[in-house]
Amino acid sequence: MKEIVEVIAKSLVDDPSQVVVTEKETKKAIVIELRVAPSDMGKVIGKQGRIAQAIRAIVIAAASKMDKKVIVDILQ
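In this text the structure is predicted, and so the values were computed from the model without any measurement.

### Concerning the sheet that holds strand S2 (residues 29-35)
- Read from one edge to the other, the open sheet built from three strands follows the order S1-S2-S3, with strand pairing classed as mixed. In the strand order of this sheet, the two ends are held by strand S1 (20-25) and strand S3 (69-75), each with one partner. On average, adjacent strands in this sheet sit at an angle of 15° to one another, irrespective of strand direction.
- The pairing of S2 with S3 spans seven bridges and is classified as parallel. Counterpart to Arg35 in the pairing with S3 is Leu75.
- Those strands touched by helix H3 (residues 50-62) are S2 and S3, and its axis lies near 150° from that of S3.

Below, the structure is given as structure tokens:
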């Protein structure tokens, strides 16, 4: 899951070196945290959050075979 988010985020931003993706796993959920440069925040979120929702939908679809909830957090 982490790799998917990282590839998508690096293709969207102007400064791919600032993209940091961390993954934390608990018993029932996987939390993926995405950090980008403040200037690239709008590109990752998109108008009305559409790009962020698309990233979340892709990750959820990729994790559909697992019995865990996947949460994608976008942080500064």
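Here the narrative resumes, following the displayed structure.
### Brief notes about H3
- With 13 residues, H3 should cover 18 Å at 1.5 Å per step; its first-to-last C-alpha distance of 18 Å lies within 8% of that length.
- Within the sequence span of H3, burial applies to Ala52, Ile55 and Val59. The arc that holds every buried residue of H3, seen down its axis, measures 60°, which confines them to one face. Exposed side of H3, more than 90 degrees from the buried face: Arg50 and Ala61 are the residues found there.
- In this structure, the buried side of H3 is in contact with helix H1 (2-12), S2, helix H2 (41-45) and S3.

### Looking at the nonpolar core
- Val19, Ile32, Leu34, Val36, Val44 and Val59 are the most contacted members of the largest nonpolar core, which totals 19 residues.
- Secondary structure elements with two or more residues in this core: H1, S2, H2, H3 and S3.
- For Val44, the residues in contact, after removing those within four places along its chain, are Leu12, Val13, Leu34, Val36, Ile51, Ala52, Ile55 and Ile74.

### Notes on the pattern of salt bridges
- Counted according to the given criterion, the structure contains five salt bridges.
- Here Lys10 and Glu6 are joined by a salt bridge, their closest N and O atoms 3.3 Å apart. Pair noted here: Lys10 and Glu6 are both in helix H1, with a separation of four residues, about one helical turn.
- The exposure class assigned to Lys10 is partly exposed, which follows from its relative accessible area of 34%.
- On the basis of relative accessible area, Glu6 is assigned to the partly exposed category, the value being 25%.

### Looking at the pairing of S1
- As judged from the six bridges shared by S1 and S2, these two strands associate in the antiparallel manner. Paired with Lys24 across the bridge in S2 is Val31.
- From the end of S1 to the start of S2, which pair antiparallel, there are three residues.

What counts and how
- Residues numbered from 1 in each chain as written.
- Predicted model: local features only at pLDDT ≥ 70, side-chain atom pairs only at ≥ 80, totals over all residues.
- Heavy atoms only, no water.
- Pairing = 2+ DSSP bridges.
- Helix = DSSP H or I, 4+ residues; strand = E, 2+ residues; numbered from the N terminus.
- Axes fitted to C-alpha atoms, helices over the stretch in contact; angles between N-to-C directions.
- Contact = heavy atoms within 4.5 Å.
- Expected span 1.5 Å × (residues − 1).
- Buried < 20%, exposed > 50% of the residue type's maximum accessible area, 1.4 Å probe, protein only.
- Arc of directions from axis to C-beta.
- Core = buried A, V, L, I, M, F, W, Y, C linked by side-chain atoms within 4.5 Å.
- Salt bridge = Lys/Arg side-chain N within 4 Å of Asp/Glu carboxyl O.

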